Amino acid sequence: IKAMTYIPRNTHLYNQAIEILRLSRSVSNYLVYDLAHLKKDGSEDPYVYFTGDIVRQSDSLAPEILKAENMAFQDDRLKQAASIERLTSSLYRTCERLERAESNGKDFVRILRREIRKFRKLQHKWMMTL
């Protein structure tokens, strides 16, 4: 997690983004071990790639929030906020896919999805203030 010199206006949203990043890293580390084994036919589990996707997507949330808040014009802030919304939706869909994987970590993915839903509620309120 990179240190930013700018303190976000909505610290609840920013802190939730950081929490999602922490959770996604933990979930990914747990699942990648579970999904990394080759199948009997020698192929790899396609769900193993989604573990990296949740980390990559969640890693972008906090910096994108700061970018949006640093934009000078409201139209630019709203475009950036829409980008964050798409990123959040993509992250949620990736979690849904991971729940279909044959893994013992499905409960952890559900916890992450619950945190993403909390983030969405905070995000909606935040967008009204931009």
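You'll find the structure just up there.
First things first, this report covers the structure right here in the doc.

Definitions and limits used
- The residue numbering used here restarts from 1 in each chain and proceeds along that chain's sequence as written.
- With pLDDT at 70 or above as the cut-off, local features in this predicted model cover only qualifying residues; side-chain atom pairs require 80 or more to be listed or tallied, and sums for whole chains, interfaces and linings still use all residues.
- Only hydrogens and water are removed before side-chain values are computed, so all heavy atoms of the structure are retained for them.
- Think of it this way: any DSSP run of H or I at least four residues long counts as a helix, any run of E at least two long counts as a strand, and we number them from the N terminus.
- Expected helix span is given by 1.5 Å per residue-to-residue step, counting one fewer step than there are residues.
- Each residue gets one of three labels from its accessible area relative to the maximum for its type: buried under 20%, exposed over 50%, partly exposed in between, using a 1.4 Å probe on protein chains only.
- Note on contacts: a residue pair qualifies if any of its non-hydrogen atoms lie within 4.5 Å across the two residues.
- Think of each axis as a best-fit line through the C-alpha atoms, taken over the contacting stretch in the case of a helix, with angles from 0 to 180 degrees between the N-to-C directions.
- With respect to orientation, any angle under 35 degrees is reported as roughly parallel, any angle over 145 as roughly antiparallel, any angle of 65 to 115 as roughly perpendicular, and every other angle as oblique.
- Two helices cross in a left-handed way if the nearer one is turned anticlockwise from the farther one by less than a right angle. They cross in a right-handed way if the turn is clockwise.
- When residues are sorted by character, Ala, Val, Leu, Ile, Met, Phe, Trp, Tyr, Cys and Pro go into the nonpolar class, Asp, Glu, Lys and Arg into the charged class, and all the rest, Gly among them, into the polar class.
- What counts as a salt bridge is simple: a side-chain nitrogen of Lys or Arg found within 4 Å of a carboxyl oxygen of Asp or Glu.
- Residues enter a nonpolar core if they are buried and are Ala, Val, Leu, Ile, Met, Phe, Trp, Tyr or Cys, with the set joined through side-chain atoms within 4.5 Å.

1. Remarks on helix α3 (residues 74–99)
- Under the 1.5 Å per step criterion, the end-to-end length of α3 is 37 Å for 26 residues, consistent within 8% with the ideal 38 Å.
- The complete set of buried residues in α3 reads R77, Q80, A81, I84, L87, T88, L91, Y92, T94, C95, L98 and E99.
- Next to the buried residues of α3 lie α1 (11–35), α2 (48–70) and α4 (106–129).

2. Brief notes about the packing of α1 against α4
- The interhelical angle for the contact between α1 and α4, taken along N-to-C directions, is 160°, at an axis separation of 10 Å. One element, α1, and the other, α4, form an angle in the roughly antiparallel class. The crossing of α1 and α4 is left-handed. Along the contact surface, α1 presents H12, L13, Q16, A17, E19, I20, L23, S24, V27, Y30 and L31, while α4 presents F108, V109, I111, L112, E115, I116, K118, F119, L122, Q123 and W126.
- When the residues that make up the contact of α1 with α4 are grouped by side-chain class, the tally is 15 nonpolar, 4 polar and 3 charged.

3. Concerning the pattern of salt bridges
- A full pass over the atoms with the stated rule returns 9 salt bridges.
- The partner of R113 in a salt bridge is E96, and the shortest N-O contact between them spans 3.9 Å. You can see R113 sitting in helix α4 and its partner E96 sitting in helix α3, a full 17 residues away along the chain.
- For R113, a relative accessible area of 14% gives the class buried.
- With a shortest N-O distance of 3.1 Å, E115 and K118 are connected by a salt bridge. Residue E115 and its partner K118 are both found in helix α4; the two are separated by 3 residues, about one turn of the helix.
- E115 sits in the buried class, given a relative accessible area of 12%.
- Bridged by salt links that share partners, the residues E96, E99, D107, R110 and R113 form one connected network.

4. Quick word on the nonpolar core
- With 30 residues, the main nonpolar core has L61, F119 and W126 as its most contacted residues.
- Contributions of two or more residues to this core are made by α1, α2, α3 and α4.
- Here the element with the most residues in this core is α1; it accounts for 9 residues.
- Setting aside chain neighbours within four positions, we find F119 in contact with L13, Q16, A17, I20, L61, I65, I84 and T88.

By themselves these figures say nothing about function.
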